[in-house]
Amino acid sequence: MYIPSTSSLLLLLVSLTISSISTTSEAAAPGPSADFLKCLKPLGSSKVLTAKDTAYQQQRYAFDLRYTYQPSVIIMAKSVADVQTAVKCAAAAKIAVAPRSGGHSFEGYSIGGQDGSMVLDLTAMNSVKVKGDKATVGAGIRLGKLYLDLFNQGGYTINAGTCPSVGIGGHALGGGFGLLSRKYGLLVDRIVEIEMVNAKGEVVKASTSTNPDLFFSLRGAGGGSFGVVTSFTILPFKAATKATSFSYEWKINDYAAVLKAYTAYQSKASRDMGVEMNVGPSGLELYGIFQGTKADQAKALAPFLNAAPKPHQNDVREGRQIDAQLRFAFVEGGKEGDINGLSLKSPFRAGDSHYTKGKSIVYPSALKDSTIALLGKWGAKKPSGSTANYIIVDLWGGAVQDTAVDATSFIHRNAHTVFEFVVEWDQSAKPKPGKADCKDCLKWMNDMYAEFLADYKSAGYGGSLRGYQNYIDAEIPNWQDAYYGSAMTRLKKTKAAVDPTNVFRFPQSIPL
């Protein structure tokens with residue numbers, strides 16, 4: 001892995017400061033050919049959207065409205081057969097296919113990451129059916145609805161992320177870390193079978209016994225590179241009888257003592273404890289979910305709290321797992337505390353910003369003092385024009401490490417801590433697409449990230465720089481190694497076998 005030298009980092013910093021990847025594309029992209037539209041005709045006009053359709057303008061954008069790439073056509077698939085037809089037509093027309101589950105790609109890859117792709121929207125394929133110890137889940141379901149449906153079908157849950165509007169497709173195929181991962185592993189670790197439409201339009205199944213190379217590749221690097229995943233068979237589990245959600249807050253001036261106690265806590269933390277720390281201008285906030293009672297949560301968190309300064313505020317609640325999931329879903333609208341808010345049906349809506357930039361670093365060991373100092377320095381800064389900026393510090397370990405590094409294409413099994421750097425600049429309920437970038441926000445991000453990259457090398461963490469692929473970043477140095485490392489050789493072989501004409505492609509897809 002290439003780790004930038006000091007001079008390289010200066011060049012990177014200058015480059016990122018004066019330029020950025022173009023997120024807009026206002027010139028009209030070439031429309032679909034007559035032959036392509038004729039091929040798609042069996043789908044019906046309501047499922048095939050082109051630039052002349054009103055619905056196209058409503059569907060062409062991803063969740064992050066910075067990206068205004070213009071798809072050649074958008075397919076609103078309602079069945080596996082629809083996906084098959086669309087893929088066959090796109091392959092014949094040599095048009096890139098971009099599957100879209102929730103549309104949360106940090107680089108706009110769910111709308112192709114370029115003009116002229118065919119977006120294959122899977123939103124309508126969102127069923128959840130629990131039978132025995134397994135659940136079959138449509139690839140278009142959002143995490144909030146998944147949690148709600150599993151709960152309503154017998155009190156089940158699953159180990160996934162907190163954001164209710166994120167689709168299971170990209171989240172699961174990129175690993176899928178969440179507040180239950182220290183106890184149950186990553187979401188990919190609970191997937192026993194995947195159904196996918198390949199580049200020929202064929203329906204294939206992948207598991208440990210059927211198409212094992214494809215199964216390996218999809219579980220960690222499968223987001224849009226090998227085919228269109230249409231469903232997952234997962235192993236849900238009964239939610240804990242009692243779950244305790246919590247938050248603790250400190251002033252930013254306490255960062256050093258709090259973060260030293262936090263990084264030391266990783267090796268002591270119970271697997272029942274799922275936590276993350278947010279570091280930002282308003283201070284530090286630890287929040288998470290403990291699988292157990294409030295009394296047991298206090299005992300389990302005591303090693304950290306006894307070593308850290310006293311928080312100036314805390315909120316600890318014992319209740320159901322579903323209530324804890326709702327608490328950290330940050331749903332807006334509707335009645336507070338109503339678990340149906342997880343469905344995001346009106347009047348409920350996701351509270352996430354639609355203008356954001358993110359980056360990541362995976363740390364293999366406890367944080368060094370120099371890294372903690374950078375967290376304090378950059379967490380305290382607030383760029384002009386931002387509505388929020390923060391660094392999420394996730395504690396990994398526990399059950400994430402139980403699966404061998406080479407069992408899936410997710411290579412970050414031995415991560416100690418993972419950082420997500422985030423800046424946002426629009427919190428309006430009805431934002432408009434194509435708004436100009438917040439220059440000071442991106443400068444904060446790029447200047448900060450350059451310093452963290454330099455520190456990663458100089459602090460002696462050892463090994464190659466790693467990033468979490470679910471926080472995909474077009475600017476991360478040597479992205480193939482950073483996200484996929486030693487798995488890349490096998491991934492390329494799988495790509496050549498299942499998609500030899502590169503139908504499923506975007507700027508950071510697995511290459512041939």
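Starting from 1, residues in each chain are numbered consecutively following that chain's sequence as written. Local features in this predicted model are restricted to residues of pLDDT 70 or higher, and side-chain atom pairs are both shown and tallied only at a pLDDT of 80 or more, whereas totals for entire chains, interfaces and linings draw on every residue. Heavy atoms from the whole structure form the basis of all side-chain values; hydrogens and water molecules are not counted.

You'll find the chain entered in an unreviewed UniProt entry as FAD-binding PCMH-type domain-containing protein, with Linnemannia gamsii given as the organism. UniProt, in the comment section headed Cofactor (unreviewed entry), describes the chain in these words: "FAD". UniProt positions are given in the numbering used here, feature names are shortened, and annotations may be inferred rather than shown by experiment.

> I'd like a description of unusual backbone geometry, backed by residues and values.
The peptide bond linking Ser346 to Pro347 adopts the cis configuration, its omega dihedral lying at 15°. Considering the arrangement of structural elements, one finds Pro347 in the loop between strand 16 (331–332) and strand 17 (349–350). A positive phi angle is found at Lys94, which is not glycine, with a value near 60°. By the criteria applied, helices consist of DSSP H or I runs no shorter than four residues and strands consist of E runs no shorter than two, each listed in order from the N terminus. Relative to the helices and strands, Lys94 is located in the loop between helix 4 (80–93) and strand 3 (97–100). One non-glycine residue, Phe330, adopts positive backbone phi at about 55°. With respect to the helices and strands, the residue Phe330 is situated in the loop between helix 11 (321–327) and strand 16.

> Go over the UniProt feature "domain: FAD-binding PCMH-type" (unreviewed entry) in the chain with me, naming the residues and quoting the values.
Per the UniProt annotation, the sites labelled "domain: FAD-binding PCMH-type" (unreviewed entry) are residues 67–239. Secondary structure within residues 67–239 divides into 25% helix and 25% strand; the distance between the first and last C-alpha atoms comes to 38 Å.

> Let's hear about the layout of surface pockets: which residues, and what values?
Considering only enclosed or pocket space, the second largest pocket measures out at about 1000 Å³ in volume. Think of a 1 Å grid over just the protein atoms. A cavity is a set of points where a 1.4 Å probe fits yet cannot get out, a pocket is an open set with protein on both sides within 12 Å along at least five of seven lines, and lining residues have an atom within 4 Å of a point. Lining the second largest pocket are 38 residues, and of these Phe63, Gly102, Arg142, Ser165 and His354 lie nearest its centre. Mapped by element, the contributors of at least two residues to the lining of the second largest pocket are helix 3 (54–59) and strand 17. Broken down by element, the lining of the second largest pocket gets its largest block of residues, 3 residues, from helix 3. Grid points are joined across faces, edges and corners, and a volume is the space filled by probe spheres set on the points.

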